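# Residue-level structure breakdown
Read off the chains here:
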Amino acid sequence: MAVDTATREAPAPAPEKVRVRRTSGWLYLAPALVALVVLFVAPLASLVVDSFTEPETGLGNYASLFTDGYTVKVLGRTLLVALIVSVAGVLMAYPYAYAMTLCGPMMRAVLVTVVLVPFWTSMLARNFAWLVLLQDGGVVQKILTPFGLGDVRLLGTPLAVGISMTQVLLPFLVLPLYSAMSQIDGRLVAAGQSLGAPRARAFRRIYLPLSTPGVVAGMSLVFVLALGFYVTPALLGSTRSAMIAQVINVRARDLLDFGGAGAMGMFLLVVTLVVLGLSRRLAGQNVAVTAAGGQPTRAGSTGGAQSSPVRPWLRVHTIVVAVILVAPTLVVIPMSFSASSTFRFPPDEWSLRWYENLFTSPGWTAAILNTLQVGLYVAVIATVLGTMAAFGLARLSPRPRGAVNAFLLSPMIVPHILVALVVFSAFLRTGLNGTLFGIILAHTAMALPFVVIAVTARLQGMDARLPAVAASLGASPVSAFRRVTLPLVMPGILSGAVLAFVSSLDEVVIALFLQAPGAITLPVQMFNSITVQIDPTISAASSLMVVLVSVPILLAQLAGARKRRSR
């Protein structure tokens, strides 16, 4: 999703036109702002009040976080796992992103696709694959057997949770790193070497500091996301190694202790804001935008169609990381053709029984239809609201634009488990809990930032003088918008709609909180098929989601690479 950020300045309009333009900007923004206030801010404020008043007024819920031995241990474990995942991830992602800056356009397209495929592949499918690989007698244990480690139990341990979380979050590190590295002029390192510095020292003194913003942005983003992870610890961990998201889930859904759960959620939010504030100060870039999949334009002498030699060790590392990125995803495909009723890999016998069950079982078909219905509604509503908001942002002056933009993107940076808790608490009181309409509203709030980012990026790359030129040639405002502005912005609108649909398609935590008979989506059905029913139909459902998401991304990447080569 390359974006031309070279916006051209239009002639300065008259003051009256500026005032009208900014007023219309707020009118465009109003629907999205009202939606976020009603669906997100007001429930969050209500939860904050609950954390100080339920079950007793005071600071008891916050004090218990640090005086209750169990909660302190869970908080410490969560912070430690998040830190380890961040460090392990950057050690794997940094060389991979560096190799992406050195290779040619076609290989770069392949490496980008390898990152994007798991990025947009169902998280439940990837966690299911790790469950199969790490189970007792699984592939990983068989690999460790020659080293005398075949009896080591992995599933149900923090190690299994850390391995899966690192793989799941790896794309969030590679993309910011590649974004930072692609801006570095490769001639600087060559200049350092020409002045007598060895290659390693030139890299350490020149390239490494210049790429530090990407390291800081990626690590902070992964750390924050890891804090609110629920699905992976719930599937691969155990109650003895529970993380804070699991405890919040139990307190809210099972005990209806919104005061205690709210205090935990506020602790997560404070840690998140502190980490992102430090990251922004150190990295000086918008972490959320980078994480949404925006790809930078390449600059410097290493860019364009030029490629540099990739050393053998770097080539080996890149291949290993690429295998780690895609292998768990591909495990689910052969699993879906297994005749066995257990999660055994590789399968001994083959059949289509799980696909037949997927498309004939009333429970699975209802979940598929619910997911498609929710996704389509979310795509339409979020696209309309997000597109209007992006046009409104473009009409504001720079000072309020930054604050409003940060508010619109806020659902992306708040820990996912906290969003689910906030929505669950509010919808339980309003009767929307357990309804598809409630899931649509919640998913719309989460999808809105993706549309705003996609359309805003397109508007920034558009020549602002073109609508004025059309008007000077006699076109009415409506005709100039329909014939000039809309066609130029349409790719961003379509990208936002696809992102909104896919984000709803894969969302599981909020849907888990809001689930009820008749309001179960496919990810929730998949989650329940592991934790409640042990139903291998999940392998067919996972394969279906992998194909639906991966094939369009792969085709788009190859088409883009071929188009760039033809220029």
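Predicted, not measured: the structure shown is a model, and the values here were computed from it.

### With respect to the overall build of the chain
A tally of regular secondary structure across the chain gives 24 helices and zero strands. Buried positions account for 53% of the 567 residues belonging to the chain. Counting contacts in the chain only where the partners sit at least 6 residues apart, residues at least 24 apart contribute 79% of the total.

### Side note on the environment of Met446
Inspection of the secondary structure assignment puts Met446 in helix 19 (residues 436–460). With 37 residues separating them along the chain, Met446 and Leu409 place their C-alpha atoms 9.0 Å apart. Not counting residues up to four positions away in its chain, the partners in contact with Met446 are Pro411, His416, Val419 and Ile510.

### A word on the packing of helix 19 against helix 21 (residues 477–506)
When two helices pack together, you describe them by how their axes are tilted relative to each other and by the distance separating the axes. In the contact formed by helix 19 and helix 21, the axes pass within 8 Å of each other and the chain directions differ by 155°. Judged by the angle between their axes, helix 19 and helix 21 are roughly antiparallel. Classified by chirality, the crossing of helix 21 by helix 19 is right-handed. Each of His443, Ala447, Phe450, Val451, Ala454, Val455, Arg458 and Leu459 in helix 19 lies in contact with helix 21, whose residues at this interface are Leu488, Val489, Pro491, Gly492, Ile493, Ser495, Gly496, Leu499, Ala500, Ser503 and Ser504. Split into classes, the residues belonging to the contact of helix 19 with helix 21 amount to twelve nonpolar, six polar and one charged.

### A word on the pattern of salt bridges
What the rule picks out here adds up to four salt bridges. We note a salt bridge from Arg429 to Asp50, for which the minimum N-O separation is 2.5 Å. You can see Arg429 sitting in helix 18 (residues 416–430) and its partner Asp50 sitting in helix 1 (residues 15–53), a full 379 residues away along the chain. A salt bridge links Arg153 to Asp136, with the shortest nitrogen-to-oxygen separation between them at 2.6 Å. Of this pair, Arg153 sits in the loop between helix 6 (139–144) and helix 7 (158–181) while Asp136 sits in the loop between helix 5 (123–134) and helix 6, placing them 17 residues apart in sequence.

### Observations concerning the environment of Thr101
As for its placement among the helices and strands, Thr101 is situated in helix 3 (residues 69–102). Classification of Thr101 as buried rests on a relative accessible area of 3%. As a C-alpha pair, Thr101 and Gly186 span 85 residues in sequence and 9.4 Å in three-dimensional space. In terms of polar contacts, Thr101 uses its side chain to reach the backbone carbonyl oxygen of Tyr98, at 2.6 Å.

### Examining the side chain of Thr371
Within the fold, Thr371 resides in helix 16 (residues 362–395). Judged by relative accessible area, which is 4%, Thr371 ranks as buried. A distance of 2.5 Å separates the side chain of Thr371 from the backbone nitrogen of Leu522, its partner in a polar contact. Once you skip the residues sitting within four places of it in the chain, Thr371 turns out to touch Leu505, Thr521, Leu522 and Pro523.

### A word on helix 15 (residues 353–360)
Because each turn of an α-helix spans 3.6 residues, side chains separated by three or four positions in sequence point in the same direction. Here helix 15 has its buried residues at Trp354, Tyr355 and Leu358. An end-on view of helix 15 places all buried positions within 100° of arc, on one side of the element. Residues of helix 15 that are exposed and angled more than 90 degrees away from the buried face: Glu356 and Thr360.

### Re the packing of aromatic side chains
Going through the model one piece at a time under the given rule, you end up with eleven aromatic pairs. Ring centres of Phe258 and Phe424 lie 6.0 Å apart, and the angle between their planes is 40°; on these two criteria the pair is classed as tilted. Taken together, the positions of Phe258 in helix 12 (residues 258–283) and Phe424 in helix 18 put the pair 166 residues apart, joining distant regions of the chain. Residue Phe258 is classed as buried on the basis of its relative accessible area of 13%. Centroid distance Phe337 to Tyr355: 5.2 Å. Interplanar angle 40°. Geometry classified as tilted.

### So, the packing of helix 16 against helix 17 (residues 398–413)
Viewed as axis vectors pointing N to C, helix 16 and helix 17 meet at an angle of 160°, and their least axial separation amounts to 9 Å. Put simply, helix 16 runs roughly antiparallel to helix 17. Where helix 16 crosses over helix 17, the two elements pack in a sense that is left-handed. Between helix 16 and helix 17, the contacting residues are Ala389, Leu393 and Ala394 on the first element and Arg401, Val404, Asn405 and Leu408 on the second. Here the residues of the contact of helix 16 with helix 17 sort into five nonpolar, one polar and one charged.

### Some points on the confidence of the model for the chain
Looking at the chain, pLDDT values average 84 and 89% of them are 70 or higher. The least confident element of the chain, judged by mean pLDDT, is helix 13 (residues 287–291) at 50; the most confident is helix 16 at 93. Residue range residues 1–7 is modelled with pLDDT below 50. Its contacts to residues more than four positions away, or to other chains, number 14 contacts. Low pLDDT (under 50) marks residues 291–305, which in the prediction has 44 contacts with non-local residues, meaning those over four places away or in another chain.

### A few points about unusual backbone geometry
Between Glu54 and the following residue, Pro55, the backbone shows a cis peptide bond with an omega angle of -5°. Along the chain, Pro55 falls in the loop between helix 1 and helix 2 (60–67). Of note in this structure, Leu256 is not a glycine but carries a positive phi near 50°. Residue position: Leu256 is located in the loop between helix 11 (244–254) and helix 12.

### Some remarks on the nonpolar core
Ranked by internal contacts, the top residues of the largest apolar core, which has 163 residues, are Tyr96, Leu408 and Leu418. At 15 residues, the largest contribution of residues to this core is made by helix 3. Among the domains, domain 1 (23–57 + 351–566) and domain 2 (60–261 + 316–350) are the pair contributing at least three residues each to this core. Every residue in contact with Tyr96, bar those within four places of it in the chain, is listed here: Leu111, Val114, Val115, Val174, His317, Thr318, Val321, Ala322 and Leu325. Counting residues in hydrophobic clusters, the runner-up holds five residues, among them Leu409, Met412, Phe450 and Leu499.

### Some points on the side chain of Ser86
The topology assignment puts Ser86 in helix 3. Here the side chain of Ser86 touches Phe223 through a polar contact of 3.4 Å, landing on its backbone nitrogen. When near neighbours in sequence (up to four residues on either side) are disregarded, Ser86 contacts Leu173, Met219, Val222 and Phe223.

### Details of the environment of Ala516
Along the polypeptide, Ala516 turns up in the loop between helix 22 (509–514) and helix 23 (522–531). For the pair Ala516 and Asn433, spaced 83 residues apart in sequence, the C-alpha separation works out to 8.0 Å.

### Quick look at a nonpolar patch on the surface
Where nonpolar side chains cluster on the molecular surface, the patch consists of Val34, Val37, Val38 and Val41 and spans about 300 Å² of accessible area. Here Val41 is to be found in helix 1.

Definitions and limits used
- Residues numbered from 1 in each chain as written.
- Predicted model: local features only at pLDDT ≥ 70, side-chain atom pairs only at ≥ 80, totals over all residues.
- Heavy atoms only, no water.
- Helix = DSSP H or I, 4+ residues; strand = E, 2+ residues; numbered from the N terminus.
- Buried < 20%, exposed > 50% of the residue type's maximum accessible area, 1.4 Å probe, protein only.
- Contact = heavy atoms within 4.5 Å.
- Axes fitted to C-alpha atoms, helices over the stretch in contact; angles between N-to-C directions.
- Parallel < 35°, antiparallel > 145°, perpendicular 65-115°, else oblique.
- Left-handed = near helix turned anticlockwise from the far one by under 90°.
- Nonpolar A, V, L, I, M, F, W, Y, C, P; charged D, E, K, R; others polar.
- Salt bridge = Lys/Arg side-chain N within 4 Å of Asp/Glu carboxyl O.
- Polar contact = N/O pair within 3.5 Å; in protein donor to acceptor, adjacent residues only side chain to side chain.
- Arc of directions from axis to C-beta.
- Phe/Tyr/Trp six-rings, centres within 6.5 Å; stacked < 30°, edge-to-face > 60°.
- pLDDT = per-residue confidence, 0-100.
- Core = buried A, V, L, I, M, F, W, Y, C linked by side-chain atoms within 4.5 Å.
- Domains from an automatic or database assignment.
- Patch = residues over 30% accessible without salt bridge, like charges linked within 9 Å, V, L, I, M, F, W, Y side chains within 5 Å.
- Areas by Shrake-Rupley, 256 points an atom, 1.4 Å probe, with all protein chains shown as cover.

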